[in-house]
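Summary of structural features
Chain by chain, the residues run as shown.
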Number of protein chains: 2
Amino acid sequence: MAKIKSGQNVTKKDTIVATAAALFREKGYAASSMRDLADKVGVEAASLYNHIKSKSEILQDICFTVANRFINHLEKVESSNVSAIEKIETILRFHIHQMIHNYEEVYVSDREWKHLEDPYLSNFQTTRRTYRKRLASIIEEGIKSKEIKNIDAPTAVLIMLHAVAGIESWHRSTQKIDADELEKNMVLIMVEGLKK
Amino acid sequence: MAKIKSGQNVTKKDTIVATAAALFREKGYAASSMRDLADKVGVEAASLYNHIKSKSEILQDICFTVANRFINHLEKVESSNVSAIEKIETILRFHIHQMIHNYEEVYVSDREWKHLEDPYLSNFQTTRRTYRKRLASIIEEGIKSKEIKNIDAPTAVLIMLHAVAGIESWHRSTQKIDADELEKNMVLIMVEGLKK
């Protein structure tokens, strides 16, 4: 019985975090209250605290879950035996998928992390910086092997990551092309834009 | 004397709006209070109201000033007698310059407009949508004239605008390339990415 109960708690926490991601995306973290969250979950505000300690803890949960997922993927790509431009394409497609299918939490992790508190804030900033440097290294690799044109690698990373963040507009758009078309077009413009 | 006073008032309002743009960019509109703003301007909170009616009015001022500047530029480009890809390049360079040199207000207009209140909110959304459609039309024009590859024009607009918004990361970065290099690289990747 205790085990089932703990299982239920985990599920409830997941629901709270997922609902919070949607709320933070919509209203922004700073403007979202625990009362707003309770309303959206459909419980009393007080009962949220059976599952989570604070609004801040929810943001940490969202940001670090997303960050870990991207880092794990990057590690697999780095150790794969393909060309630099293929690595970049794989990473780009992964970012696009994440932004399409895990939109709320990826958006919040990308836009609202500034509201993290230390030590989480510093840790997250370092993680972001390191992630971008590792992407830039792959681009540098591609420049050396003449697959990629001679560009500033950090600028290329910046363009790539922010263009993907633009899928936000796609989500909001009333006349969307389908997700596969979106992916195809983004790859067509950006990977081709990088190629020598 | 009255005239000079009114001149001083205008200047004070400009200072308030510029300071507010920096504050909203840093903390977000929702989390910024009039007291924060007064502290940053270096006056008593009450005296802000001699110059502006409300926090909301400041946001309107920022958003519509920026929007008008972009629309005026777009109109000039649309009526210019150059190829579609050159129009796109001119617009892209304008966006980059604005994001570099009028960073705070452009950032706030791009990220915090959701906090506008109606009728301004609806008006601003329509303006944004129309602006993007007009950019997409230029890209369609370039696709027809075979200057631009056969892509989904709204997706290309989305990539372009969001990549430029990425200059936010450039501003925050401690090891920046210089502004001209940034512009050169962005044009190289994106305009080349569009070209057939």
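The rules behind the values
Residues numbered from 1 in each chain as written. Chains lettered and ligands numbered in written order. Predicted model: local features only at pLDDT ≥ 70, side-chain atom pairs only at ≥ 80, totals over all residues. Heavy atoms only, no water. Contact = heavy atoms within 4.5 Å. Buried area = accessible area lost by both parts, 1.4 Å probe. Salt bridge = Lys/Arg side-chain N within 4 Å of Asp/Glu carboxyl O. Helix = DSSP H or I, 4+ residues; strand = E, 2+ residues; numbered from the N terminus. Buried < 20%, exposed > 50% of the residue type's maximum accessible area, 1.4 Å probe, protein only. Phe/Tyr/Trp six-rings, centres within 6.5 Å; stacked < 30°, edge-to-face > 60°. Lys NZ or Arg CZ within 6 Å of the ring centre and 35° of its normal. Domains from an automatic or database assignment. Polar contact = N/O pair within 3.5 Å; in protein donor to acceptor, adjacent residues only side chain to side chain. Arc of directions from axis to C-beta. Least-squares fit on C-alpha atoms with pLDDT ≥ 70 in both.

A word on the interface of chain A and chain B. Each partner contributes residues to the interface: chain A has 37 residues there, and chain B has 37 residues. Summed over both partners, the interface of chain A with chain B comes to about 2800 Å²; 64% of that surface belongs to carbon and sulfur atoms. Looking only at chain A, the three residues that lose the most surface to chain B are A:Ile159, A:His162 and A:Ile189, adding up to 21% of its buried area. Taken together, the connections running from chain A to chain B amount to two salt bridges.

This part is about the pattern of salt bridges. Following the criterion strictly, the structure yields 34 salt bridges over all chains and no others. Linking A:Arg134 and A:Glu75 is a salt bridge whose minimum nitrogen-to-oxygen distance equals 3.6 Å. One end of the pair, A:Arg134, is in helix H7 (residues 120-144); the other, A:Glu75, is in helix H4 (residues 55-78), and 59 residues separate them in sequence. The exposure class of A:Glu75 is partly exposed, given its relative accessible area of 40%. Put simply, B:Arg69 and B:Glu105 hold a salt bridge, and the shortest N to O gap is 2.6 Å. Linking B:Arg69 in helix H4 (residues 55-78) with B:Glu105 in helix H6 (residues 103-111), this pair joins segments that are 36 residues apart in sequence. Looking at B:Arg69, the relative accessible area reads 24%, which means it is partly exposed. Sharing partners across several salt bridges, the network here consists of A:Arg111, A:Glu168, A:Arg172 and B:Lys114.

Within this structure, the stated rule accounts for 14 aromatic pairs over all chains. Measuring from centroid to centroid gives 5.6 Å for A:Phe64 and A:Phe124, while their planes differ by 80°, and the two rings are edge-to-face. Taken together, the residues A:Phe64 in helix H4 and A:Phe124 in helix H7 connect sequence positions 60 residues apart. One exposure class covers both A:Phe64 and A:Phe124, and it is buried. Between B:Phe70 and B:Phe94, the ring centres sit 5.4 Å apart and the planes meet at 80°, which makes this aromatic pair edge-to-face. Remark: B:Phe94 occurs in helix H5 (residues 84-101) and B:Phe70 occurs in helix H4; sequence separation between them is 24 residues. Look at B:Phe94 and you get buried, because its relative accessible area is 16%. In textbook terms, an aromatic cluster arises when at least three aromatic residues are bridged by ring pairs, as seen for A:Phe64, A:Trp113, A:Tyr120 and A:Phe124. Of note, A:Lys55 hangs over the ring of A:Tyr29, and the distance from its end group to the ring centre comes to 4.2 Å.

Residue and element names in this part refer to chain A. Taken as a whole, chain A is organised into domain 1 (1-52) and domain 2 (55-194). Computed over C-alpha atoms only, the centres of domain 1 and domain 2 are separated by 27 Å. Listed as interface residues are 15 residues of domain 1 and, on the opposing side, 14 residues of domain 2. Buried area between domain 1 and domain 2, summed over both chains or domains, comes out near 1400 Å², and the portion from carbon and sulfur atoms is 68%. Considering only the side of domain 1, the residues that lose the most area to domain 2 are Phe24, Arg25 and Tyr29, jointly responsible for 51% of the buried surface there. One can count two salt bridges joining domain 1 with domain 2. The shortest N-O distance in the salt bridge between Lys13 and Asp61 comes to 3.4 Å. Joining domain 1 to domain 2, the criterion identifies six residue pairs in polar contact (both at pLDDT 80 or more). Elements with a contribution of two residues or more to the side of domain 1 that touches domain 2: helix H1 (2-27) and helix H2 (34-41).

Residue and element names in this part refer to chain A. Its location among the elements puts Ser83 in the loop between H4 and helix H5 (84-101). For Ser83, a relative accessible area of 25% translates into the label partly exposed. For the pair Ser83 and Ser145, spaced 62 residues apart in sequence, the C-alpha separation works out to 8.9 Å.

Let us look at H2(A). All names here are of chain A. Within the sequence span of H2, burial applies to Met34, Leu37, Ala38 and Val41. For H2, the angular spread of buried residues about the axis comes to 100°, placing them on one side. Among the exposed residues of H2, those pointing more than 90 degrees away from its buried face are Arg35 and Asp39.

Of the two same-sequence chains, chain A is brought onto chain B (RMSD 0.0 Å, axial shift 0.0 Å) by a rotation of 180°. One copy is carried onto the other by what is essentially a two-fold rotation axis. Minimal C-alpha separation from the rotation axis in chain A is found for A:Gly193, amounting to 1.8 Å. In this assembly, 100% of the residues forming the interface of chain A have copies in chain B that are likewise at the interface, indicating an isologous arrangement.

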